[in-house]
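# A look at the structure
Okay, here's what each chain looks like letter by letter:
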There are 2 protein chains.
Amino acid sequence: MYVHGYHPRESERLGDQAGTLVELLHSDTAYPGGSVVLEAGCGVGAQTVTLARQSPDAHFVSVDLSAESLEEAGRAIDRTGITNVTLRQEDIFALPFDRESFDHVFVCFVLEHLTRPAEALGILRGLLRPGGTITVIEGDHGSAYFHPDSPAAHAAIRCQVELQRRAGGDALIGRQVYPLMVDAGFDAVRVSPRMVYVDASRPHLVDGFTRRTFTAMIEGVRDTAIAAEIVEPALFDAGVRDLHRTTEADGVFCYTFFKGVGTRRRV
Amino acid sequence: MYVHGYHPRESERLGDQAGTLVELLHSDTAYPGGSVVLEAGCGVGAQTVTLARQSPDAHFVSVDLSAESLEEAGRAIDRTGITNVTLRQEDIFALPFDRESFDHVFVCFVLEHLTRPAEALGILRGLLRPGGTITVIEGDHGSAYFHPDSPAAHAAIRCQVELQRRAGGDALIGRQVYPLMVDAGFDAVRVSPRMVYVDASRPHLVDGFTRRTFTAMIEGVRDTAIAAEIVEPALFDAGVRDLHRTTEADGVFCYTFFKGVGTRRRV
């Protein structure tokens, strides 16, 4: 279900991504001391470390389906000396926690991979105590545009979207965060877009985002997309070249993440 | 060259647009007392009134090619009692001003209509005193995406892009503001995207932006696009319906403007 794969280079990419985007995505997320927070789908811990550092007096229960990812998350947590995280291997659709047992829930880059994201949000809502919040962060590959524009680059991006769709996910889910959260019964839902705008005056983002996060992710699906006959190799390779072209001095790259916060209403 | 047209309803739309977007686009633009500012391409004065109000002790010379637009701009200015604006009918490619005669230059929703935007920026740079700034604001129709997604809606939007292209302009120019300004020789160019994110929790934007600004603009090119055989009427009408569909309770609409500020370096 997880089309990004589990390779070491992929973990590195997710680490790069988290590093570059921490401020943009997470700087306004902090939980009060004593809160118990469920991080549903922590993967290799790319967000976990940031979360736990920003809320040192909250406790995080970070779960993921993949034992391999959790092992890596454990190593990341050990390296940083953080002590307020418990890692557990769990399926988001079969979480063994009591109803209303968490003060807050945090879900980042997870719904995009799920066949039934609305159902997952409903389950998470049930685990939240009345008055607690959920935070949902997702990207949206349809938000990627750039200069110079390139049909080949858009075709290469559509390979990732199509592979994610075939795996049951939705790479265009960012724009749907608001209706998904409202449908799941959350109240006071507020979504804010977090746009990554990259031009040559922001060299850190040129390298950290355009090149090593977004383009690396697209490059990563090359063989799978070609094997699945979604694209001709020449077109895909031209698309990747054109994505790299946007990192030159006159290039521009845009991408948007969506962050939603909602509440489970007090009854 | 100006595909948006000059009808009264169009002026009303531009007025609506300016009202909804004033804070997002212009709140960080203010000029010191005594500055003389050239507004190149003021149109019907949609931005002029905001600019002049926000910098009451600066003086604005607002020029446009269209006598009809200037007349309307004059009425808008008279209605508001603003006295720090001089309107003049001029061609941006043949401005009769002395070199280095302006402290600042302001250009909003103009480059998109020009065949030679880089040349226009070069001319404007020559009119700027060393140390003065230029502010450039442009939209980008390739930044429009929405939920529910709709190929027909994208086809309708592409009609506007294609008509603008045939008229010599570029409706995808927002993402190019940075390279255009750098190419024209401006220094310390900084571009910031201004994303309009609309969901049902923001009813003012649903009506003021999605419905009455963006969708109204697309609807406005219907007959021209059909006459030019760019689109089948049924597809266009389905696209407009689908744009309206994004204004329902579960709909989301995204669009981004780009604002660049650059300096003419002191020699």
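A brief look at the structure comes next. (Residues numbered from 1 in each chain as written. Chains lettered and ligands numbered in written order. Predicted model: local features only at pLDDT ≥ 70, side-chain atom pairs only at ≥ 80, totals over all residues. Heavy atoms only, no water.)

## Overview of the overall build of chain A
Convention followed: The secondary structure listing takes helices from DSSP runs of H or I that are at least 4 residues long and strands from runs of E that are at least 2 residues long, numbered from the N terminus. With C-alpha atoms as the basis for the radius of gyration, the globule rule is written as 2.2 Å multiplied by the number of residues raised to the power 0.38. Exposed residues in this analysis have more than 50% of their type's maximum accessible area, buried residues have under 20%, and partly exposed residues fall in between, with area computed by a 1.4 Å probe over protein chains only. Throughout, a residue-residue contact means that at least one pair of heavy atoms, one from each residue, lies within 4.5 Å.
A count of helices and strands for chain A gives nine helices and seven strands. For a compact globule of 267 residues, the expected C-alpha radius of gyration is about 18 Å, and chain A comes in at 18 Å, within 12% of that figure. Overall, chain A is about 55 × 35 × 35 Å in size when its C-alpha atoms are taken along their principal axes. Counting over 267 residues, chain A shows a buried share of 58%. Long-range pairs, those at least 24 residues apart, make up 80% of the contacts in chain A between residues at least 6 apart in sequence.

## What to know about the interface of chain A and chain B
Put simply, the rule reads: Once two parts are joined, some of their accessible surface, as seen by a 1.4 Å probe, is lost; buried area is that loss totalled over both. By salt bridge we mean one thing: a side-chain nitrogen of Lys or Arg within 4 Å of a carboxyl oxygen of Asp or Glu. In the analysis that follows, any N or O atom pair within 3.5 Å is treated as a polar contact, provided that within protein one partner can donate a hydrogen and the other can accept it, and provided that, for residues neighboring in sequence, both atoms belong to side chains. Think of it as three bins: nonpolar holds Ala, Val, Leu, Ile, Met, Phe, Trp, Tyr, Cys and Pro, charged holds Asp, Glu, Lys and Arg, and polar takes everything else, Gly as well.
Counting residues at the interface gives 28 residues for chain A, matched by 28 residues for chain B. Around 2,300 Å² of area is buried between chain A and chain B when both sides are counted, 60% of it from carbon and sulfur atoms. Among the residues of chain A in contact with chain B, Tyr-145, Arg-175 and Tyr-178 of chain A are the three that bury the most area, contributing 28% of the side total. Between chain A and chain B we count two salt bridges in total. Residues Asp-149 of chain A and Arg-175 of chain B are paired through a salt bridge, measuring 3.6 Å at the closest nitrogen-oxygen approach. Along the contact surface separating chain A from chain B lie six residue pairs in polar contact (both at pLDDT 80 or more). Among the elements of the structure, β5 (128-147), α6 (177-183), β6 (187-199) and β7 (252-263) of chain A are those that each provide at least two residues to the side of chain A that touches chain B. The element best represented in the side of chain A that touches chain B is β6 of chain A, accounting for eight residues. Classifying every residue of the side of chain A that touches chain B by side-chain character gives 15 nonpolar, seven polar and six charged.

## Some words on the nonpolar core
To be explicit about the condition: What we call a nonpolar core is a set of buried Ala, Val, Leu, Ile, Met, Phe, Trp, Tyr and Cys residues that are connected through their side-chain atoms within 4.5 Å.
Judged by nonpolar contacts, the single largest core of 70 residues is most densely connected at Leu-38, Leu-124 and Ile-134 of chain A together with Leu-38, Leu-124 and Ile-134 of chain B. In contact with Ile-134 of chain B, not counting residues within four places along its chain, are Val-105, Val-107, Leu-121, Leu-124, Leu-128, Met-181, Phe-186, Gly-260, Val-261 and Gly-262 of chain B.

## Quick notes on the sheet that holds strand β1 (residues 36-40) of chain A
All names here are of chain A. Short version of the rule: Two strands qualify as a pair provided that DSSP identifies no fewer than 2 bridges between them. Axis definition: a line fitted to C-alpha atoms, over the contacting stretch in the case of helices. Angles run 0 to 180 degrees between N-to-C directions.
On the basis of which strands lie adjacent, the open sheet formed by seven strands has the order β3-β2-β1-β4-β5-β7-β6 and mixed pairing. Each end of this open sheet is capped by a strand with a single partner; those strands are β3 (85-89) and β6. Pairs of neighbouring strands in the sheet enclose a mean axial angle of 20 degrees, with direction left out of account. Pairing of β1 with strand β2 (residues 59-64), which is carried by five bridges, proceeds in the parallel orientation. What sits directly across from Glu-39, in β2, is Ser-62. Sheet strands in contact with helix α4 (residues 117-127) are β1, β4 (102-108) and β5, and its direction is about 150 degrees off that of β5.

## Looking at the sheet that holds strand β6 (residues 187-199) of chain B
All names here are of chain B. Taken in spatial order, the seven strands make up an open sheet running β3-β2-β1-β4-β5-β7-β6, and their pairing is mixed. Either end of the sheet is taken by a strand with one partner, and the two such strands are β3 (85-89) and β6. Taking each pair of neighbouring strands and ignoring which way they run, the sheet shows an average axis angle of 20 degrees. As defined by bridge partners, strand β4 (residues 102-108) adjoins strand β5 (residues 128-147) across six bridges and the pair is classed as parallel. Across the sheet, the residue bridging to His-104 is Thr-133, located in β5. Packed onto the sheet, helix α3 (residues 67-80) meets β2 (59-64) and β3 and runs at close to 165 degrees relative to β3.

## A closer look at the state of the cysteines
The line we're drawing: In this description, the term disulfide denotes a pair of cysteine sulfurs within 2.5 Å.
Counted by the stated rule, this structure contains zero disulfides over all chains. In this structure Cys-108 of chain A is a free cysteine whose sulfur lies 11 Å from that of Cys-42 of chain A, the closest cysteine sulfur available.

## Here's the deal with the relation of the copies chain A and chain B
Note the cut-off: Least-squares superposition of the copies uses the C-alpha atoms of those residues scoring a pLDDT of at least 70 in each of them.
Laying chain A over chain B is done by rotating through 180 degrees and shifting 0.0 Å along the axis; what remains is an RMSD of 0.0 Å. As the rotation angle and translation indicate, the two copies are arranged about a two-fold axis. Identified as the residue of chain A closest to the rotation axis by C-alpha distance is Ser-143 of chain A, at 3.6 Å. Taken together, the interface assignments show that 100% of the residues at the interface of chain A recur at the interface of chain B, consistent with an identical surface on both copies.

## What to know about helix α9 (residues 233-245) of chain A
Residues and elements named next belong to chain A. Rules: Here the expected length of a helix is defined as 1.5 Å per residue gap, with one fewer gap than residues.
The terminal C-alpha atoms of α9 lie 18 Å apart, and with 13 residues this matches the ideal 18 Å at 1.5 Å per residue to within 8%. Listing the buried residues of α9 in full gives Phe-236, Ala-238, Gly-239, Val-240 and Leu-243. Considering only its buried residues, α9 is in contact with β5, α5 (151-166), α7 (203-219), α8 (222-227) and β7.

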